[in-house]
Amino acid sequence: MAFVERMKEHPGKSAVLNSVVRGDGEEQNPNSKLYFKAPELKELINVIVMKNLLQIEEKVRRIRYSETPIPELFYTQCDTFESIFSRKKNLIELVNKFSTKPKQAVPAIFLEKTRQFGPFFIRPAPVVMELLFVFEVGKTFPFFEQLGNNDKIALCSNIAVPLFVLCNSFYSVQQNCDVWCSPDGVMPIKLFANSFYKQDTIAMGMGDKLFCKSVEPFARLKLSNEEFVLIRAIIYSHMVSPGLSDQAQKLLRSEAEKYAALLMSVVQTNYGPAAGALRYVELMGLIECLFNAGAKYRRLLSYISNVLDPNFDKAPGQSDNRTLDIPTVDNLTVRTIRQKWTIGQWTIRH
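Our subject in this report is the structure included herewith. (Residues numbered from 1 in each chain as written. Predicted model: local features only at pLDDT ≥ 70, side-chain atom pairs only at ≥ 80, totals over all residues. Heavy atoms only, no water.)

Some points on unusual backbone geometry
Argument step 1. Non-glycine residue Asn 176 carries a positive phi angle of around 60 degrees.
Argument step 2. Summarising the element assignment, Asn 176 is placed in the loop between α8 (149–174) and α9 (188–193).
Argument step 3. Residue Lys 222 is not a glycine yet carries a positive backbone phi of 50 degrees.
Argument step 4. With respect to the secondary-structure elements, Lys 222 resides in the loop between α11 (216–221) and α12 (225–236).
Argument step 5. The exposed category is assigned to Lys 222, whose relative accessible area is 58%. (Helix = DSSP H or I, 4+ residues; strand = E, 2+ residues; numbered from the N terminus. Buried < 20%, exposed > 50% of the residue type's maximum accessible area, 1.4 Å probe, protein only.)

Shown next, in the form of structure tokens:
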């Protein structure tokens, strides 16, 4: 942090550093007063990167827990991946329009309707919100805009559900819950148990593995905010996603290495060299658990859609939209949750 204080002596260094972080700066002149030596440059970049990640997360949480509803236009403009990526306005940029007052508890009529018609009788707002944030947060990474549309589709198709599981599990632990819990206090496993789903042992067993068991490693590890945002960044840099171009794989590999190195630095600073290395191994192992849990989530939705719940429409047939027909992780979820009140490729609405 001493380097951050030193920046104040030369205000121009801030501009130089931000330019380096963005990757559009010119090579530094060693004779300039604004010149950084390699060690301090690396540390300063890490400080800036971490600060940016935490600032984004702070905005996400304000929106996530706010009583102010998300504008409907963010759902209606999500009929394809292309429309999501081309939309210039990012929900996170509108953070000041969201009240700091927390969400209210769901009304009793909602629970009664759930008992009668099942958890998916209307659009499950927490599901849609978390999926929306997958894209909104993704678009805040500088490297994301360097990807072509096909690479963005391939990446998001593979990482959307693991990120969805990550956020639900992490935020639930933050709310002192040992099962998935939405910002308004609704627990999906209780919605299942409060409806006709409870009579189906397969659905309840799959729900327990997803909504309860997936939280256990998060409750045990108790991730810090820094660890959470870095794990999320590493997943966004998933360079082995099927369908990525060679150029995209190279770019994402570089980003993944950067965030992984920063995670190692953070945990070793907080826990010491040896204990920090062990902590790092545990956190990286958590990523594999998230992809496995994502597969369980897809199987659960597929079972509910095709076997259990009459309020779920069958998956649509072949679509003119090629992104719907790619058998990738997220698109399977897309197909199994599309219903008569769905207007988007992944968005559920009333």
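Examining the packing of α12 against helix α13 (residues 246–271)
Argument step 1. Running from N to C, α12 and α13 point in directions that differ by 160 degrees, and their axes come no closer than 8 Å. Here α12 lies roughly antiparallel to α13, going by the angle between them. Like other packed secondary-structure pairs, α12 and α13 cross with a definite hand, here left-handed. Contact residues: Glu 226, Glu 227, Leu 230, Ala 233, Ile 234 and Tyr 236 in α12; Leu 252, Tyr 259, Ala 260, Leu 262, Leu 263, Val 266, Val 267 and Tyr 271 in α13.
Argument step 2. Residues belonging to the contact of α12 with α13 are distributed by class as follows: 12 nonpolar, no polar and 2 charged. (Axes fitted to C-alpha atoms, helices over the stretch in contact; angles between N-to-C directions. Parallel < 35°, antiparallel > 145°, perpendicular 65-115°, else oblique. Left-handed = near helix turned anticlockwise from the far one by under 90°. Contact = heavy atoms within 4.5 Å. Nonpolar A, V, L, I, M, F, W, Y, C, P; charged D, E, K, R; others polar.)

Some points on α12
Argument step 1. Across its 12 residues, α12 extends 17 Å between first and last C-alpha, which sits within 8% of the 16 Å expected from 1.5 Å per residue.
Argument step 2. In terms of burial, α12 is largely enclosed, as 10 of its 12 residues are buried.
Argument step 3. Within α12, the full set of buried residues consists of Glu 227, Phe 228, Val 229, Leu 230, Ile 231, Arg 232, Ala 233, Ile 234, Ile 235 and Tyr 236. (Expected span 1.5 Å × (residues − 1).)

A look at the side chain of Ser 172
Argument step 1. With respect to the element layout, Ser 172 can be found in helix α8.
Argument step 2. The exposure class of Ser 172 is buried, given its relative accessible area of 0%.
Argument step 3. Ignoring sequence-local partners within four residues, the contact set of Ser 172 consists of Cys 177, Val 179, Trp 180 and Cys 181.

Focus on the packing of aromatic side chains
Argument step 1. Applying the stated criterion across every chain yields a total of 15 aromatic pairs.
Argument step 2. Ring geometry for Tyr 65 and Tyr 171: centres 6.4 Å apart, planes at 85 degrees, overall edge-to-face. Of this pair, Tyr 65 sits in helix α3 (residues 38–65) while Tyr 171 sits in helix α8; the two residues are 106 residues apart in sequence, bridging distant segments of the chain.
Argument step 3. Residue Tyr 65 is classed as partly exposed on the basis of its relative accessible area of 24%.
Argument step 4. Classification of Tyr 171 as buried rests on a relative accessible area of 1%.
Argument step 5. Residues Phe 141 and Phe 143 carry aromatic rings whose centres are separated by 5.3 Å and whose planes lie at 40 degrees to one another, so their mutual orientation is tilted. (Phe/Tyr/Trp six-rings, centres within 6.5 Å; stacked < 30°, edge-to-face > 60°.)

Topic: the nonpolar core
Argument step 1. Core analysis: the largest hydrophobic core is formed by 94 residues, its most contacted members being Ile 70, Phe 141, Leu 223, Leu 230 and Tyr 259.
Argument step 2. Broken down by element, the residue count for this core peaks at 15 residues, all from α8.
Argument step 3. Not counting the four nearest positions on each side in its chain, Leu 223 is found in contact with Phe 170, Gln 174, Phe 218, Phe 228, Ile 231, Arg 279, Leu 283 and Leu 286. (Core = buried A, V, L, I, M, F, W, Y, C linked by side-chain atoms within 4.5 Å.)

Focus on the environment of Asn 168
Argument step 1. When you line up the elements, Asn 168 lands in helix α8.
Argument step 2. Along the primary structure Asn 168 and Trp 180 are separated by 12 residues, whereas in three dimensions their C-alpha atoms are 6.0 Å apart.
Argument step 3. Separated by 2.8 Å, the side chain of Asn 168 and the backbone oxygen of Phe 164 make a polar contact. (Polar contact = N/O pair within 3.5 Å; in protein donor to acceptor, adjacent residues only side chain to side chain.)

These values are about where atoms sit, not about what they do.
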